[in-house]
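Survey of secondary and tertiary structure
Here's the letter readout for the chains.
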Amino acid sequence: MAIGCVLLGAGQSKRMGCAKQLLTYQGHTLLESALSKYSRIQPLAVVIDPCMGVEDMVHKVQGIPVPNEHPQWGQGTSIRLGVEALLQWEHTQKERLEAIVCGVIDQPLLNVQVIDDLCNTFRDIGDEKAIVQPQYGPNQERGNPVVFGRYWADALRLITGDMGGRVILRGEGAPHVTYVWLERQCTMHSGIDVDTKEDYDRIVSEGGRYETNDSHP
């Protein structure tokens with residue numbers, strides 16, 4: 001069985017004041033960078049704002065472009081659309097997914113090893129109810145991406161507003177969450193996301209200065 005991925009790229013970037021999907025870091029837009037990293041997971045459903053004209057970027061990594069005509073309705077709508085695209089893939093391919101990774105495009109420092117570690121941990125657990133979430137840095141900050149076992153597909157489709165997967169992580173799914181502590185010595189770690197211009201400026205100026213880290217679980 002395969003692990004699928006929903007990559008959320010249709011956000012309105014209200015706090016940023018511009019489309020952060022198209023901000024650049026190390027010569028690539030945040031969307032391009034995220035697509036490159038998450039393309040190791042197939043099927044890959046990428047939720048996008050159709051007004052941005054980025055479908056070709058998604059096709060280049062064999063992703064499934066999923067238009068969200070109403071990004072203003074919140075992250076829950078994007079998650080639902082992405083999950084539904086993966087369920088359609090299941091129907092077409094006649095193959096059941098074992099889990100769904102929920103990722104975001106605004107983590108330019110994300111190391112692909114994080115994605116591999118989370119998926120491997122999920123497979124080691126071997127339970128469709130399992131949820132795997134990373135904790136980053138010396139303060140064990142919880143973040144993205146999160147692996148949800150296939151059991152949670154229907155619950156993911158029912159999320160509304162901007163709460164995202166936290167509804168499950170803090171609710172019914174809480175007893176099933178396994179935390180993986182990654183990049184334990186890093187302050188500029190994979191989990192840092194870009195919500196504001198200040199976040200972006202900090203990552204551009206400091207993001208390459210990783211501390212030595214040999215502590216992946």
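The following paragraphs examine the structure supplied in this document. (Residues numbered from 1 in each chain as written. Predicted model: local features only at pLDDT ≥ 70, side-chain atom pairs only at ≥ 80, totals over all residues. Heavy atoms only, no water.)

1. Considering the pattern of salt bridges
Per the stated rule, a full pass over the model turns up 10 salt bridges. One salt bridge in this structure joins Glu 90 and Arg 150, with 2.9 Å as the shortest N-O distance. Residue Glu 90 is found in helix H3 (residues 75–93), and its partner Arg 150 is found in the loop between strand E9 (146–149) and helix H5 (153–157); the two are separated by 60 residues along the sequence. In this structure, Lys 197 and Asp 201 form a salt bridge, with 2.8 Å as the shortest nitrogen-oxygen distance. Pair noted here: Lys 197 and Asp 201 are both in helix H7 (residues 197–206), with a separation of 4 residues, about one helical turn. A relative accessible area of 49% means that Lys 197 is categorised as partly exposed. Its relative accessible area of 37% is what places Asp 201 among the partly exposed residues. (Salt bridge = Lys/Arg side-chain N within 4 Å of Asp/Glu carboxyl O. Helix = DSSP H or I, 4+ residues; strand = E, 2+ residues; numbered from the N terminus. Buried < 20%, exposed > 50% of the residue type's maximum accessible area, 1.4 Å probe, protein only.)

2. A word on the pairing of E9
The alternating pattern of E9 places Val 146 and Phe 148 on one face and Val 147 and Gly 149 on the opposite face, and all of these are buried. Of the pairings in the sheet, the one linking strand E6 (residues 99–104) to E9 comprises 4 bridges and is antiparallel in character. The partner of Val 101 across the bridge, within E9, is Val 147. With 2 bridges connecting them, strand E7 (residues 131–136) and E9 associate as antiparallel partners. Counterpart to Val 132 in the pairing with E9 is Val 147. (Pairing = 2+ DSSP bridges.)

3. Quick notes on unusual backbone geometry
A cis amide bond links Gln 42 with the next residue in sequence, Pro 43, at an omega value of 5°. Its location among the elements puts Pro 43 in the loop between helix H1 (30–38) and strand E4 (44–48). Residues Asn 144 and Pro 145 are joined by a peptide bond in cis, for which omega reads 0°. As for its position among the elements, Pro 145 is in the loop between strand E8 (141–142) and E9. Even without a glycine there, the phi angle at Gln 26 is positive, about 55°. By secondary structure assignment, the location of Gln 26 is in the loop between strand E2 (24–25) and strand E3 (28–29). In the Ramachandran plot, Glu 183 falls in the positive-phi region, its phi being about 45° despite a non-glycine side chain.

4. Quick look at the side chain of Asn 68
Structurally, the position occupied by Asn 68 is in the loop between strand E5 (64–67) and H3. A polar atom in the side chain of Asn 68 sits 2.9 Å from the backbone nitrogen of His 70. (Polar contact = N/O pair within 3.5 Å; in protein donor to acceptor, adjacent residues only side chain to side chain.)

5. Quick look at the pairing of E6
A large share of E6 lies buried, amounting to 6 of its 6 residues. A two-sided burial pattern is seen for E6, the buried positions comprising Ala 99, Val 101 and Gly 103 on one face and Ile 100, Cys 102 and Val 104 on the other. Both strand E1 (residues 3–9) and E6 contribute to a ladder of 6 bridges, which runs parallel. Along E6, the bridge assignment pairs Ile 3 with Ala 99.

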